[in-house]
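Structural features, examined
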Amino acid sequence: MIYFKTKGIVIYKKRIKENDATVYILTKKNGIKKIYAQGLYQIKSKNLPLIQTGNYLQIFGLKEGENLKLISVLPLKTRFLYFKKYPYLYLWSFSLLTKINLLETDDFLWKIYLHLERFIIKKNFPHYLIFHLLRILGFEPDLLRCFRCQRKLKKEIYFDGKKALFCGYCKKAAYQKISYWEWLEAIKIKSKNKIPERVPKFLKTIIKTYFKNLKRLT
Ligand SMILES: [Zn+2]
């Protein structure tokens, strides 16, 4: 049994037995860690007020093989204010993480979750977050090449209405033509610096389809 110390953001906690809990923490480098918190729900528990979704904590615990056990936490940043302002979106951003198995933490993802208050206020944050989560997991929708022949997309761009873009040679009659201007708007979602002002409808559909498939995978 050894002591460990780590910094992380609380993404979820699940009550087990009467007073215990499993706490899921997003760490800076090591993805999502599952920590057992004995007696977390006991009335006298000092940890409970701090172990709330979104809080950034210094965590002290015990490691027994692969099992982590919580001893105590110190607050580095508590998120109560933002939580009150955007409760639904806030919880949604964290619930996304509970659906995936993240073994290491991408720097960009860490930046988003550590400074969620800066991102959450932007109009297209939900689509942006899902797109980049897909990218980090290796399931990024390809917006630059034809889904069938891999040709780089230029001015003639078509959408199958569900999940992919095609060139003028591979299009089918039922496909919808995407204007070049709209496509340029769409590829802005790849930016790591700026959340795009506009997310075209076809891109929203693609992101949704990919995310649904992802949920089936994990
Ligand atoms: Zn093609």
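Residues numbered from 1 in each chain as written. Predicted model: local features only at pLDDT ≥ 70, side-chain atom pairs only at ≥ 80, totals over all residues. Heavy atoms only, no water.

Further remarks concern the overall build of the chain. Scanning the chain from terminus to terminus reveals seven helices and eight strands. Taking the principal axes of the C-alpha coordinates as reference, the chain spans close to 65 × 35 × 30 Å. When burial is assessed residue by residue, the chain has 44% of its 218 residues classed as buried. Element-wise, carbon and sulfur atoms account for 53% of the exposed surface of the chain, whose accessible area totals about 13000 Å². Averaged over its 46 positive side-chain charges, the chain has a centre that lies 3 Å from the centre of its 15 negative ones. (Helix = DSSP H or I, 4+ residues; strand = E, 2+ residues; numbered from the N terminus. Buried < 20%, exposed > 50% of the residue type's maximum accessible area, 1.4 Å probe, protein only. Areas by Shrake-Rupley, 256 points an atom, 1.4 Å probe, with all protein chains shown as cover. Lys, Arg positive; Asp, Glu negative; His and termini not counted. Charge placed at Lys NZ, Arg CZ, Asp CG, Glu CD.)

Among the eight residues of strand β2 (residues 20-27), seven are classified as buried, and the element is accordingly described as predominantly covered. Across eight bridges, strand β1 (residues 2-16) lies against β2 in antiparallel orientation. Looking at β2, one finds that valine 10 is bridged to isoleucine 25. Taken together, β1 and the strand that follows it, β2, pair antiparallel across an intervening segment of three residues, in which lysine 17 is found at a positive phi of about 50°. Where β2 lies against strand β3 (residues 32-37), six bridges are found, and the strand directions are antiparallel. Its bridge partner being in β3, isoleucine 25 is matched across the sheet by lysine 33. The hairpin formed by β2 and β3 contains four residues between the paired strands, and glycine 31 there has a positive phi angle of roughly 65°. (Pairing = 2+ DSSP bridges.)

Here the focus is the sheet that holds strand β6 (residues 157-159). Strand order in the open sheet formed by three strands is β7-β6-β8, and the pairing between neighbours is antiparallel. Both outer strands of the open sheet, β7 (165-166) and β8 (176-178), are each paired with one neighbouring strand and no more. Here β6 runs beside β8; their pairing, made up of three bridges, is antiparallel. What sits directly across from phenylalanine 159, in β8, is glutamine 176. The strands touched by helix α6 (residues 180-187) are β6, β7 and β8; relative to β8, the strand with the most contacts, the crossing angle is about 70°. (Contact = heavy atoms within 4.5 Å. Axes fitted to C-alpha atoms, helices over the stretch in contact; angles between N-to-C directions.)

Below, the discussion takes up the environment of tyrosine 210. Relative to the helices and strands, tyrosine 210 resides in helix α7 (residues 201-217). Tyrosine 210 gets classed as buried once you look at its relative accessible area, which sits at 19%. Separated by 47 residues in sequence, tyrosine 210 and lysine 163 place their C-alpha atoms 7.0 Å apart. Leaving out residues up to four positions away in the same chain, tyrosine 210 has contacts with Leu134, Phe139, Glu140, Pro141, Asp142, Phe147 and Lys163.

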